[in-house]
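# Geometric and topological summary
For reference, the chains in residue letters:
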Amino acid sequence: MATKNKYDIGMAGEFGVCSELYKRGYDASITLGNKKAVDIYVAIANGRYISIEVKTSINTKIVTDFFKKYASPNQIPHPDYWVLVYIDKNNMSHYYVLSHQEMAAEQMRRNGMSQWAHVQKGVDNVLVRDLSNYENAWNKIP
């Protein structure tokens, strides 16, 4: 990838996810801004929307900050889905689609946690090598 600027990498991931959604027939919109609550909204049936959080990395470790943001399992609002994007050294994007509950489970596994806990220290992250079951799992989005 030509840039290593964190903002540009993040935007590349968001636009890539939006593009993938459009290719699959979804009506998706990126939200812009520095302090946004969600990255992408997708219109679904009956005027409803789902929200997607996108995290992008050029490293095989993707920072999520999951438990810093979500102190309890039922905390609202939270995204409906997460799409983790890994941009490899050949500039190819790899997409990993998880529900919010799947993201919580993966983050708990990575952190060695047996139950939900608000994390005060450290940086929550997941490894690309542990996400293969979620690669291109676009079909789980309604």
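Residues numbered from 1 in each chain as written. Predicted model: local features only at pLDDT ≥ 70, side-chain atom pairs only at ≥ 80, totals over all residues. Heavy atoms only, no water.

## Re the packing of aromatic side chains
Evaluation of the coordinates by the stated rule reveals 7 aromatic pairs. Relative to W138, the ring of Y95 has its centre 5.6 Å away and its plane inclined at 55 degrees; by these criteria the two rings are tilted. In this pair, Y95 is assigned in strand β6 (residues 93-99) and W138 in the segment after β7 (125-127), connecting sequence segments 43 residues apart. Neither Y95 nor W138 differs from the other in exposure class; each is buried. By the ring-pair criterion, three or more aromatic residues cluster together here, those being F66, F67, Y70, W82 and W116. (Phe/Tyr/Trp six-rings, centres within 6.5 Å; stacked < 30°, edge-to-face > 60°. Helix = DSSP H or I, 4+ residues; strand = E, 2+ residues; numbered from the N terminus. Buried < 20%, exposed > 50% of the residue type's maximum accessible area, 1.4 Å probe, protein only.)

## Looking at the environment of G10
For G10, the location among the structural elements is in helix α1 (residues 6-23). Along the primary structure G10 and E20 are separated by 10 residues, whereas in three dimensions their C-alpha atoms are 15 Å apart.

## Some remarks on the pairing of strand β2 (residues 40-43)
Every second residue of β2 is oriented toward a common face, the buried set being I40 and V42 and the non-buried set Y41 and A43. Bridge analysis of strand β1 (residues 27-30) against β2 gives 4 bridges, and the strand direction is antiparallel. Counted as the bridge partner of S29 is Y41 from β2. Relative to strand β3 (residues 49-57), β2 runs antiparallel, the two being bridged by 4 bridges. The residue bridging V42 from the neighbouring strand is I50, located in β3. Remark: 5 residues form the turn of the hairpin made by β2 and β3, two consecutive strands paired antiparallel; N46 in that turn has positive phi of roughly 60 degrees. (Pairing = 2+ DSSP bridges.)

## Points about the sheet that holds β1
Spatial strand order, β1-β2-β3-β5-β6: 5 strands in an open sheet with mixed pairing. Two strands bound the open sheet, and with one partner strand each, they are β1 and β6. With direction set aside, neighbouring strand axes in the sheet form an average angle of 25 degrees. Lying on the sheet, helix α3 (residues 100-111) is in contact with β5 (81-87) and β6; it crosses β6 at an angle near 105 degrees. (Axes fitted to C-alpha atoms, helices over the stretch in contact; angles between N-to-C directions. Contact = heavy atoms within 4.5 Å.)

## Points about the confidence of the model for the chain
Averaged over all residues, the pLDDT of the chain equals 90, while 95% of them reach at least 70. Taking the mean pLDDT of every element in the chain, the minimum, 86, falls on helix α2 (residues 66-69) and the maximum, 98, on β6. (pLDDT = per-residue confidence, 0-100.)

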